[in-house]
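Single-letter residue listing:
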Amino acid sequence: MIHVDSATVRYGDRAALTDASLSVASGEFLCLVGRNGSGKTTLLRLLAGLLEPTAGTVRIGGHPAAHRQSRAVRGFLQAEPPLYEYLTVAEQLTLVAKLYGRAPAQVLDRLAGTALADRRHALVRELSLGMRKQLGLIAATVHDPALILLDEPTNALDATAVAALREAVERWHREGRLIVLCTHDLAWADGLADRLVVLSAGRVLHDVALDGETATAALRRLDPSGALTARGEGPTGLPTEESVEGPTGLPTEDKTAEAGTP
Ligand SMILES: Nc1ncnc2c1ncn2[C@@H]1O[C@H](COP(=O)(O)OP(=O)(O)OP(=O)(O)O)[C@@H](O)[C@H]1O
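What you see is a predicted model, and the numbers here were worked out from it, not measured in a lab.

About the cut-offs
- Residues numbered from 1 in each chain as written.
- Predicted model: local features only at pLDDT ≥ 70, side-chain atom pairs only at ≥ 80, totals over all residues.
- Heavy atoms only, no water.
- Salt bridge = Lys/Arg side-chain N within 4 Å of Asp/Glu carboxyl O.
- Buried < 20%, exposed > 50% of the residue type's maximum accessible area, 1.4 Å probe, protein only.
- Helix = DSSP H or I, 4+ residues; strand = E, 2+ residues; numbered from the N terminus.
- Pairing = 2+ DSSP bridges.
- Contact = heavy atoms within 4.5 Å.
- Axes fitted to C-alpha atoms, helices over the stretch in contact; angles between N-to-C directions.
- Expected span 1.5 Å × (residues − 1).
- Arc of directions from axis to C-beta.
- Polar contact = N/O pair within 3.5 Å; in protein donor to acceptor, adjacent residues only side chain to side chain.

Scanning all chains against the criterion turns up nine salt bridges. Glu175 serves as the salt-bridge partner of Arg171, at 3.9 Å between the closest nitrogen and oxygen. Residue classification places Arg171 among the partly exposed residues on the basis of a relative accessible area of 38%. Relative accessible area serves as the criterion here: at 42%, Glu175 is assigned to the partly exposed category. For Glu175, the salt bridge is made with Arg177, and the minimal N-O distance between the two is 2.9 Å. Among the ionic contacts, a cluster of salt bridges with common partners joins Glu28, Arg195 and Asp207.

The structure is reproduced here in structure tokens:
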């Protein structure tokens, strides 16, 4: 369903993604990991059709990623969901439901059990980040897409919301939807993911089928020092790929890619 062929994205003279190739079939659950700035969101934005590659191609179900038909089969939960600040929760979901030809009442039913259950009439601008994420997720999946892209979905969610999200993701996986999850919280996807892709400085460094191994175990095997994901670092002062100098285990070519050298 996903075919990324030698995709490169440049911002000015900086390469955010370099010559990335990836094919993912319907029903697969792929975890995308890498340090801050390694290109995960850039890759997701390419898959979401929000960004055109500087070189190479990105196709979803045989169509260019920005094509209408690609949009119809895809849902994208962004790290900070774009929402209309001055609409209420109910108005926001009604609008999205109508855009996708769904019955608003059925979409509003999805608020049950979330932190938004009794906040239907609150303005989006009055919601907490965790609430916005939950609203963003409902909005992104209103049309029950066959491809679901999740950028740091657990970030800012409380334990109840994380458990509910895990249940939803398990159900989507059982239903055969293709899921691409970008996360710094890999253990959360253990037992679900069947493929792991590690990005380093904009390059696909590892792309492995998990074959029953957990994503966490595979990552420890591929990257025992934790250098590729900065595992073991505290939540503050997490180094980015740009800020890292010296013997971190990053291959030399990654550093040149980060500097914008092909
Ligand atoms: N709009 C932009 N303009 C210029 N540079 C950008 C832009 N967006 C991303 N970049 C750069 O592209 C590189 C990859 O960024 P990206 O957001 O894809 O990384 P990431 O792996 O998602 O990071 P994080 O884990 O921090 O979310 C970084 O060097 C970043 O500074």
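The next point concerns unusual backbone geometry. Backbone geometry at Glu152 places phi at a positive 45°, although glycine is not the residue there. In this fold, Glu152 is placed in the loop between β7 (147-151) and α6 (159-174). Non-glycine residue Ala156 carries a positive phi angle of around 80°.

Let us look at the sheet that holds strand β5 (residues 63-64). Ordered by their spatial adjacency, four strands build an open sheet running β2-β1-β4-β5, and the pairing between neighbours is antiparallel. Each having just a single partner strand, β2 (14-24) and β5 make up the two edges of the open sheet. Sheet topology places strand β1 (residues 2-11) next to β2; seven bridges connect them, and they run antiparallel. Along β2, the bridge assignment pairs Tyr11 with Arg14. The sheet contacts of helix α1 (residues 40-47) involve β1, β2 and β4 (55-60), and relative to β1 the element is tilted by about 125°.

Quick look at the sheet that holds strand β9 (residues 195-200) now. Ordered in space as β6-β7-β8-β3-β9-β10, the six strands form an open sheet in which the pairing is mixed. The open sheet has two free edges, formed respectively by β6 (74-77) and β10 (203-209), since each of these has just one partner strand. Geometrically, the sheet is characterised by an average inter-axis angle of 15° between neighbouring strands, direction not taken into account. Direction of pairing for β7 relative to strand β8 (residues 178-182): parallel, over a ladder of five bridges. Bridged to Leu150 within β8 is Leu181. α1 contacts β3 (29-33), β6, β7, β8 and β9 of the sheet and is inclined by roughly 155° relative to β7.

For α6, with 16 residues, the first-to-last C-alpha span of 23 Å sits near the 22 Å given by 1.5 Å per residue. Considered for burial, the residues of α6 that qualify are Ala161, Val162, Leu165, Ala168, Val169, Trp172 and His173. An end-on view of α6 places all buried positions within 135° of arc, on one side of the element. Opposite its buried face, α6 presents the exposed residues Ala159, Thr160, Glu167 and Arg174, each directed more than 90 degrees away. If you follow the buried residues of α6, they end up packed against β3, α5 (129-140), β7 and β8. Capping the start of α6, Asp158 holds a side-chain oxygen 3.2 Å from the backbone nitrogen of Thr160, two or three residues further along. Remark: Gly176 follows α6 within two positions and exhibits a positive phi of approximately 90°.

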